[in-house]
Amino acid sequence: DVDHQKADWVSIHKKICQLLIPIRTSLPFFLSEKERKHGMEQLVKRQKYIIDLAYGTAQEFVLDGKHKEAIPAALHALHFSTEVYGSNSVQLVPAYLLLAEASTGKYCVGHLPQASKYLSQAEWIVLRTPDCSADIQYQLHRGLGLFCAAEGNFEQALYHLANDIYLASSTFGLKSVETSGGYFHMANIFFHQNKMDIANSLYAKVTDIWHAFLLKSLQVQEQILKSQPEMSPFTEDKKVSDDRMTEAQQSEGIRVLNAVLRIREQAPKPQPGETARVLHALAMLYYLTMDLPKAGELGVRAFGLVQQLPQQESRETIGRLLKLINSKLSST
């Protein structure tokens, strides 16, 4: 209907409208076998491009909290994945999981039954794929965990999130940002249950993982700045940022760390050390994504808090970051 057409246009169709024309145009029947083969290769190439574009767009909407807007784009990703890989391929699982996550969003009231269908389809594909990678399996368990949490079945949600953490750790490492997502969602459940000791411990774990990851990214950038001083700082930052973080990781880091910061700041009992660590991580993240005013603001707040603490090392690390920020601000 008209409403669905409008939603589709806003979500993805305006981006892919012209791309759909050659895909929906039939090949002339009089082509030679070689020409037909080339035409089919070009068709698959265009379809794969649309899959990536539609999936990336839907993922951005989800990370921005715009779950309704994500659904049409994710449906296009699923449709073309089916066209290219077949209806039972493990390549469809990411699109099913994204659709399920979008359908469990707080502004998608009444969509939980549909989310359940998407998750069931993804789970069925994974179960019938003996060599399914741990990468796909951990994403499935995260999707199941978020769905169970949305239903209020917290025990089952924690079971799936524990599997998510185990599988992500075995694939990416114990201290990877991929693993931190499972810890974050698990912490949210304990926070909801008012089990604050466990929740605070897990939030601290999430902060530590991101802090270490961002500190390493910052050190790599400093090394490049020292070795290639003739290059533009903007060029260097973009190169390092592309090497170290994807756009999805940047969005997730901003969303997760800001959520942890709000919890730290609203806690009845202040924890200046933990709050300073989150502020420092966010300052590094905003610096690496070139939001220098925001990075400076958070860095100053972090430095103010660590002045109250005995750790000299934290003071020096944040001080170096503030010098980098001020240097970039003055050069612009």
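Everything below is about the structure printed above this text.
Conventions we followed
- Residues numbered from 1 in each chain as written.
- Predicted model: local features only at pLDDT ≥ 70, side-chain atom pairs only at ≥ 80, totals over all residues.
- Heavy atoms only, no water.
- Helix = DSSP H or I, 4+ residues; strand = E, 2+ residues; numbered from the N terminus.
- Buried < 20%, exposed > 50% of the residue type's maximum accessible area, 1.4 Å probe, protein only.
- Areas by Shrake-Rupley, 256 points an atom, 1.4 Å probe, with all protein chains shown as cover.
- Core = buried A, V, L, I, M, F, W, Y, C linked by side-chain atoms within 4.5 Å.
- Contact = heavy atoms within 4.5 Å.
- Polar contact = N/O pair within 3.5 Å; in protein donor to acceptor, adjacent residues only side chain to side chain.

**Quick look at the overall build of the protein chain**
Line of reasoning, step 1. Scanning the protein chain for helices and strands turns up 14 helices and 0 strands.
Line of reasoning, step 2. Counting helices and strands in the order they occur from the N terminus, the protein chain gives α-α-α-α-α-α-α-α-α-α-α-α-α-α.
Line of reasoning, step 3. Counting all 332 residues of the protein chain, 44% fall into the buried class.
Line of reasoning, step 4. In the structure as shown, the protein chain presents an accessible area of about 17,900 Å², 54% of it carried by carbon and sulfur atoms.

**Here we look at the nonpolar core**
Line of reasoning, step 1. Within the largest apolar cluster, 52 residues are counted, with the highest numbers of intra-cluster contacts made by W210, L214 and Y287.
Line of reasoning, step 2. Breaking this core down by element, the ones donating at least two residues are α7 (154-172), α8 (177-192), α9 (196-227), α11 (247-266), α12 (272-288), α13 (292-306) and α14 (312-331).
Line of reasoning, step 3. When sequence neighbours within four positions are dropped, the list of residues in contact with L214 reads M245, L257, A281, M284, L285 and L288.
Line of reasoning, step 4. Counting 30 residues, the second-largest nonpolar core is a separate cluster that includes A54, A77, A100 and A122.

**Details of the side chain of S169**
Line of reasoning, step 1. Inspection of the secondary structure assignment puts S169 in helix α7.
Line of reasoning, step 2. Within the structure, S169 has its side chain in polar contact with the backbone oxygen of I165 (distance 2.7 Å).
Line of reasoning, step 3. Setting aside chain neighbours within four positions, we find S169 in contact with L174 and T179.

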